[in-house]
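Summary of structural features
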Amino acid sequence: SQQGEEDPQALSIQEGENATMNCSYKTSINNLQWYRQNSGRGLVHLILIRSNEREKHSGRLRVTLDTSKKSSSLLITASRAADTASYFCATAVRDSNYQLIWGAGTKLIIKP
Amino acid sequence: DTGVSQDPRHKITKRGQNVTFRCDPISEHNRLYWYRQTLGQGPEFLTYFQNEAQLEKSRLLSDRFSAERPKGSFSTLEIQRTEQGDSAMYLCASSFGTTSGNTIYFGEGSWLTVV
């Protein structure tokens, strides 16, 4: 069964606006990772945040993690058309050292 | 490019035929994973290797599926007697390390269509 649930399922915004996607999960985790997937392509790793971290930045990306609420958010600032893709969160579960569990993703469309 | 490489990228096969996918991980990555993804869904874990040892198999991996990593480098995923429900993208990934705190890198995937 899938552990993560992304919210919203789809998001359409104007270029230049910020995009926020959320992820909730069910069990204790070792870390949480965000990935991007362009249509029909493989998954591109964006950022990894460990369970003892609360916030990480990478370029225009900002990820937060709230382990008490079992949730994470991904913020993309100053969005570009090239950011159009599906975004997935994946959790590395604490009692498993090899398995990522995924949500169904958020489909982000950036309108020019 | 030294990323994860998968071959073939696309495969169309008739129901009942066998298919094999190959994955070349990033060199020196000791961990290798296979996932399956259908349209509109996130990836689903299939199996995991640490070096040449297959340490875990999902219940999704029926007896028709077999994966190998004979020398701890490349891996193959074979599907025997394919069914239409096997149509999906098969993703290979690799990582380095002994804990789950390391980034997992994915290949471009192998699309399978069973007709």
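Residues numbered from 1 in each chain as written. Chains lettered and ligands numbered in written order. Predicted model: local features only at pLDDT ≥ 70, side-chain atom pairs only at ≥ 80, totals over all residues. Heavy atoms only, no water.

As for the overall build of chain B
The helix and strand inventory of chain B stands at zero helices and 11 strands. Counting from the amino terminus, helix and strand elements in chain B follow one another as β-β-β-β-β-β-β-β-β-β-β. Here the C-alpha atoms of chain B give a radius of gyration of 13 Å, agreeing with the 13 Å that 2.2 N^0.38 yields for 115 residues. Overall size of chain B, expressed as C-alpha extent along the three principal axes, is 40 × 30 × 25 Å. Looking at chain B alone, contacts between residues at least 24 apart form 54% of all its contacts between residues at least 6 apart. Entry remark: accessible area of chain B is about 5800 Å², with carbon and sulfur atoms responsible for 44%. The positive charge centre, built from 13 side chains, and the negative charge centre, built from 13, are 5 Å apart in chain B. (Helix = DSSP H or I, 4+ residues; strand = E, 2+ residues; numbered from the N terminus. Rg over C-alpha atoms; globule rule 2.2 N^0.38 Å. Contact = heavy atoms within 4.5 Å. Areas by Shrake-Rupley, 256 points an atom, 1.4 Å probe, with all protein chains shown as cover. Lys, Arg positive; Asp, Glu negative; His and termini not counted. Charge placed at Lys NZ, Arg CZ, Asp CG, Glu CD.)

Things to note about the environment of S5(B)
Residues and elements named next belong to chain B. You can see S5 is positioned in strand 1 (residues 5–7). Taking the C-alpha atoms as reference, S5 lies 7.2 Å from E108; in sequence the two are 103 residues apart. Beyond its immediate chain neighbours, meaning those up to four positions away, S5 contacts R22, C23 and D24.

Thoughts on the confidence of the model for chain A
Scored by pLDDT, chain A has a mean of 90; 92% of the residues are at 70 or more. Element-level mean pLDDT values for chain A span from 81 in strand 1 (residues 5–7) of chain A up to 97 in strand 7 (residues 61–66) of chain A. (pLDDT = per-residue confidence, 0-100.)

Comments concerning the side chain of H29(B)
Residues and elements named next belong to chain B. The residue H29 is located in the loop between strand 3 (19–24) and strand 4 (31–37) in this model. Residue classification places H29 among the buried positions, given a relative accessible area of 13%. At 2.7 Å, the side chain of H29 and the side chain of S94 are in polar contact. With residues near it in sequence (within four places) discarded, H29 still touches R69, S94, S95, F96 and Y105. (Buried < 20%, exposed > 50% of the residue type's maximum accessible area, 1.4 Å probe, protein only. Polar contact = N/O pair within 3.5 Å; in protein donor to acceptor, adjacent residues only side chain to side chain.)

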